[in-house]
Amino acid sequence: MTVLPYKEQDASKKEQVAQMFDNVSHKYDFLNHLLSGGIDILWRKKAIKLLKKAQPKTILDIATGTGDFAIEALALKPDKIVGVDISEGMLSFGREKIKKLGMDSVITLEKGDSERLHFEDNTFDAVIVSFGVRNFENLEKGLTDMCRVMKTGGTCIVLEFSKPQGFPMKQLYNFYFKNILPTVGKIVSKDTSAYTYLYDSVQAFPEGSDFIKIFQRAGFNNTQCLPLTFGISTIYIGRK
Ligand SMILES: C[S@@+](CC[C@H](N)C(=O)[O-])C[C@H]1O[C@@H](n2cnc3c(N)ncnc32)[C@H](O)[C@@H]1O
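Residues numbered from 1 in each chain as written. Predicted model: local features only at pLDDT ≥ 70, side-chain atom pairs only at ≥ 80, totals over all residues.

By the naming in an unreviewed UniProt entry, the protein goes by Demethylmenaquinone methyltransferase and is assigned to Arcicella aurantiaca. Recorded in UniProt under Catalytic activity (unreviewed entry), the annotation for the protein is "a 2-demethylmenaquinol + S-adenosyl-L-methionine = a menaquinol + S-adenosyl-L-homocysteine + H(+)". (UniProt positions renumbered as here; feature names shortened; annotations may be inferred.)

Each helix and strand counted, the protein has nine helices and seven strands in total. Taking 240 residues into account, the globule formula puts the C-alpha radius of gyration at 18 Å, and the protein, at 17 Å, falls close to it. Principal-axis analysis of the C-alpha atoms places the extent of the protein at approximately 45 × 35 × 35 Å. Taking all 240 residues of the protein together, 42% fall into the buried category. When contacts within the protein are restricted to residue pairs at least 6 apart in sequence, those whose partners lie at least 24 apart make up 68%. (Helix = DSSP H or I, 4+ residues; strand = E, 2+ residues; numbered from the N terminus. Rg over C-alpha atoms; globule rule 2.2 N^0.38 Å. Buried ≥ 20, exposed ≤ 12 C-beta atoms within 10 Å, placed from the backbone. Contact = placed C-beta atoms within 7 Å.)

The next subject is the site of the ligand. Residues in close proximity to the ligand total 23 residues, the closest being Ala63, Gly65, Ser87, Ser130 and Asn135. Among the elements that make up the shell around the ligand, the one with the highest residue count is helix 1 (residues 13-24) (four residues). Grouping the constituent residues of the shell around the ligand by class yields 10 nonpolar, eight polar and five charged. (Near = placed C-beta within 6 Å. Nonpolar A, V, L, I, M, F, W, Y, C, P; charged D, E, K, R; others polar.)

Taken together, seven strands build an open sheet; the order of strands is 3-2-1-4-5-7-6 and the sheet is mixed. One side of each edge strand has no neighbouring strand; the edge strands of this open sheet are strand 3 (107-111) and strand 6 (221-228). Put simply, the sheet's adjacent strands are angled 15 degrees from each other on average, direction ignored. Two elements, strand 2 (residues 80-85) and strand 3, share five bridges in a ladder whose sense is parallel. Among the inter-strand pairings, aspartate 85 is bridged to a residue of strand 3, identified as lysine 111. (Pairing = 2+ DSSP bridges. Axes fitted to C-alpha atoms, helices over the stretch in contact; angles between N-to-C directions.)

Turning our eyes to something else, we now look at the nonpolar core. Judged by nonpolar contacts, the single largest core of 57 residues is most densely connected at Val127, Ile128, Met146 and Ile157. Ranked by the residues each element gives to this core, the list is headed by strand 5 (residues 150-161), at six residues. Not counting residues up to four positions away in its chain, the partners in contact with methionine 146 are Ile62, Ser114, Val127 and Cys156. (Core = buried A, V, L, I, M, F, W, Y, C linked by C-beta atoms within 7 Å.)

Right, let's get into helix 1. With 12 residues, helix 1 should cover 16 Å at 1.5 Å per step; its first-to-last C-alpha distance of 16 Å lies within 8% of that length. Three or more residues of helix 1 are buried, namely Gln16, Val17, Ala18, Met20, Phe21, Asn23 and Val24. Those residues of helix 1 that are buried are in contact with helix 2 (28-36), helix 5 (88-100), helix 7 (169-189) and helix 8 (194-204). (Expected span 1.5 Å × (residues − 1).)

Among the seven residues of strand 7 (residues 233-239), five are classified as buried, and the element is accordingly described as predominantly covered. As paired elements, strand 5 and strand 7 share seven bridges and run antiparallel to each other. Looking at the pairing, glutamate 160 lines up with threonine 234 of strand 7. As paired elements, strand 6 and strand 7 share six bridges and run antiparallel to each other. Paired with leucine 226 across the strands is isoleucine 235, a residue of strand 7. Between strand 6 and strand 7, which follow one another and run antiparallel, lie four residues, and threonine 229 among them has a positive phi close to 45 degrees.

Residues annotated in UniProt with the feature "binding site: S-adenosyl-L-methionine" (unreviewed entry) correspond here to Thr66, Asp85, Asp113, Ser114 and Ser130. Summarising the element assignment, threonine 66 is placed in the loop between strand 1 (58-62) and helix 4 (68-72). Once residues within four sequence positions are removed from consideration, threonine 66 is found in contact with Tyr28, Asp29, Met90, Phe93, Gly94 and Lys97. In this structure, serine 130 sits in strand 4 (residues 124-130). Excluding residues that lie within four positions of it along the chain, serine 130 makes contacts with Arg44, Ala47, Phe69 and Leu159.

Have a look at this one:
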């Protein structure tokens, strides 16, 4: 079942997702760090560290949003990072941040759809995506195109929400994600649906071995799955 941000609209999931992120872009970073207690920063750092050995020189950050994962990837000292996203609103906040950091010669942000990437086959040493794949209209198509543009021998890192299973984390998480997070998200962002969509989309998203099956069908091999913080998030690693 497809989870849509605005159930009352006829627009496609992709159009609705782009509209939703345009709507919340002005508060996205603030809400991200507030609602996660800053742990999202640690998760991104941990995910990027997994690429340290591979030392990728060219990196594609899919669903880059305001560029936080791309900025974190600067720790790898690559020559070039390209971020793509379908939301112009998110990209413009990202470009401002990157310019302030003086990193616009290394990171460029471009409008682009991960299900139809505008890059040649085998272009990047690494492809990374944080909290993006859950929003794809067609998950397998998006992952397949990510694999296509990655060089043979390259590494793909996917960081995405998952659901904690054990007591009492499962219960605490459900209460927080279902009640507190949508209420605060709605008040601060003024978008009535975005943070309800967050809970619903995480519930419906394949995780662990279910995600790995789709990841492998998309062309990735040597896959691994690393749950973080009681399973609230998971890092998936795939090679080509
Ligand atoms: C939750 S944000 C994540 C942003 C950033 N990666 C981060 O870690 O903060 C999800 C992003 O995915 C983007 N997105 C969703 N579907 C996409 C697609 N098909 N192609 C490119 N970007 C997409 C949205 O526009 C949004 O900016």
